[in-house]
Amino acid sequence: MPTDILRKQLIDHASEPYRRAGRFAYHFARGKLGGDPMFFALLQRNLIPDQARILDLGCGQGLLAAWLFAARTLFAMGKWPRNWSTPPQPGEIRGIDLLAADVRRAQTALPAPARFEQGDMRYADFGQADVVVIMDVLHYVDPAAQDDVLRRVRAALAPGGLLLTRVGDASAGLAFRLSNWVDRTVAFFRGTRLPPLHCRPLHEWVAALEALGFAVETASMNGDLPFANVMLVARLGAADGPAI
Ligand SMILES: C[S@@+](CC[C@H](N)C(=O)[O-])C[C@H]1O[C@@H](n2cnc3c(N)ncnc32)[C@H](O)[C@@H]1O
């Protein structure tokens, strides 16, 4: 199957459940899933293992869960490309977000094994997870809180665990300023005010994760878009025990 047809079907299936949560939720899902190449890249690169317990920090209205469910639906319908890996069936997806309205949309739209709660990642109990996802969220909290969240993520991850986080690269010049401008514009249309952002150069993010024992790969995942956001794929070794 051509990838543009697969992409369209994924967007259709992932957005559909948001009709239950209202027009804004539906159109926001279509716009974000259609405009952000990261979601497609996550599946194409087969980054999330099957049956993983996934913790999605700053989950917004739960688009990651909707996207993974849509992939499984297409797979069950026999509409999955033969040369792609089987899309992961999540063991559970627990989403945490600061905004009550987003959490309500996620809860209204998406079934188990997804569950969503309002909370602040700076204080929430992370429990145990195999995969932690933090997409475009860390820069909302100050550097001390960023370090603390990453340390607690490390502690929550099982051996062999995976952290997927997308961060802005503050050393990326014009592309970085463009990414910030997009952040502010999206916040405006969602009716929220953007707090001060705390961004770091890419090498600092990588160093912070390596200091916690992660092996880190970077991937742009922006398609042709000129943004400074970088995906960090941070893995623990299978033998890595709990953080000290
Ligand atoms: C740019 S959106 C990204 C949403 C989602 N991760 C995605 O990729 O579609 C950032 C989200 O982080 C949430 N957020 C910001 N600070 C947070 C915090 N301290 N704890 C939990 N969520 C937070 C916001 O409410 C918002 O939904």
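Since the model is a prediction, treat every value here as computed from it, not as a measurement. (Residues numbered from 1 in each chain as written. Predicted model: local features only at pLDDT ≥ 70, side-chain atom pairs only at ≥ 80, totals over all residues. Heavy atoms only, no water.)

Undergrad: Please set out the packing of aromatic side chains residue by residue, giving values where relevant.
TA: Within this structure, the stated rule accounts for 4 aromatic pairs. Relative to Trp84, the ring of Trp80 lies with its centre 5.7 Å away and its plane at 90 degrees, an arrangement referred to as edge-to-face. Its relative accessible area of 9% is what places Trp80 among the buried residues. Under the relative-accessibility criterion, Trp84 is labelled buried at 16%. Ring-pair connections join several aromatic residues into one group, and the members of that group are Phe40, Trp80 and Trp84. Note that Arg7 overlies the ring of Phe40, its terminal NZ or CZ placed 4.2 Å from the centroid. Geometry around Trp205 places Arg200 over its ring, the cationic atom sitting 5.2 Å from the centre. (Phe/Tyr/Trp six-rings, centres within 6.5 Å; stacked < 30°, edge-to-face > 60°. Buried < 20%, exposed > 50% of the residue type's maximum accessible area, 1.4 Å probe, protein only. Lys NZ or Arg CZ within 6 Å of the ring centre and 35° of its normal.)

Undergrad: Describe unusual backbone geometry, naming the residues involved and giving the relevant values.
TA: In this model, Ala112 is joined to Pro113 through a cis peptide bond whose omega is 10 degrees. Tracing the backbone shows Pro113 in the loop between helix H5 (100–109) and strand S3 (114–118). For Gln51, which is not a glycine, the phi torsion comes out positive at approximately 65 degrees. With respect to the element layout, Gln51 can be found in the loop between helix H3 (38–44) and strand S1 (53–57). Given a relative accessible area of 46%, Gln51 falls into the partly exposed group. Residue Asp136 is not a glycine yet carries a positive backbone phi of 60 degrees. Within the element layout of this structure, Asp136 appears in the loop between strand S4 (129–135) and helix H6 (143–156). Residue classification places Asp136 among the buried positions, given a relative accessible area of 17%. (Helix = DSSP H or I, 4+ residues; strand = E, 2+ residues; numbered from the N terminus.)

Undergrad: Hey, could you go over the environment of Asp136 for me, with residue numbers and the actual values?
TA: Separated by 81 residues in the primary sequence, Asp136 and Leu55 place their C-alpha atoms 15 Å from one another. Discounting chain neighbours no more than four positions away, the residues touching Asp136 are Arg166 and Asn229. At 2.6 Å, the side chain of Asp136 forms a polar contact with the side chain of Arg166. (Contact = heavy atoms within 4.5 Å. Polar contact = N/O pair within 3.5 Å; in protein donor to acceptor, adjacent residues only side chain to side chain.)

Undergrad: Which residues make up the nonpolar core, and what values go with them?
TA: Leu10, Tyr18, Ile54, Trp67 and Leu164 are the most contacted members of the largest nonpolar core, which totals 47 residues. For this core, the leading source of residues is helix H4 (residues 63–76), giving 10 residues. Not counting residues within four places of it along the chain, the set of residues in contact with Leu10 comprises Phe40, Leu43, Trp67, Ala70, Ala71, Leu74 and Trp80. Grouped together as the second largest cluster of nonpolar side chains are 30 residues, Leu55, Ala129, Ala156 and Val230 included. (Core = buried A, V, L, I, M, F, W, Y, C linked by side-chain atoms within 4.5 Å.)

Undergrad: Describe in detail H5, supporting the description with residues and values.
TA: Among the residues of H5, those classed as buried are Asp102, Val103, Ala106 and Ala109. The arc that holds every buried residue of H5, seen down its axis, measures 140 degrees, which confines them to one face. Contacts from the buried residues of H5 go to strand S2 (92–97) and S3. (Arc of directions from axis to C-beta.)

Undergrad: If you had to explain the site of the ligand to someone new, which residues and values would you point to?
TA: In the vicinity of the ligand there are 17 residues, among which Lys32, Gly58, Asp97, Asp120 and Met121 approach most closely. In the environment of the ligand, an oxygen atom lies 2.7 Å from a nitrogen or oxygen atom belonging to the side chain of Asp97. One nitrogen or oxygen atom from the side chain of Asp120 is found 2.9 Å from a nitrogen atom belonging to the ligand. Out of a free accessible area of 600 Å², the ligand has 90% covered by protein chains. Tallied by class, residues from the shell around the ligand come to 8 nonpolar, 3 polar and 6 charged. (Near = heavy atom within 4 Å. Areas by Shrake-Rupley, 256 points an atom, 1.4 Å probe, with all protein chains shown as cover. Nonpolar A, V, L, I, M, F, W, Y, C, P; charged D, E, K, R; others polar.)

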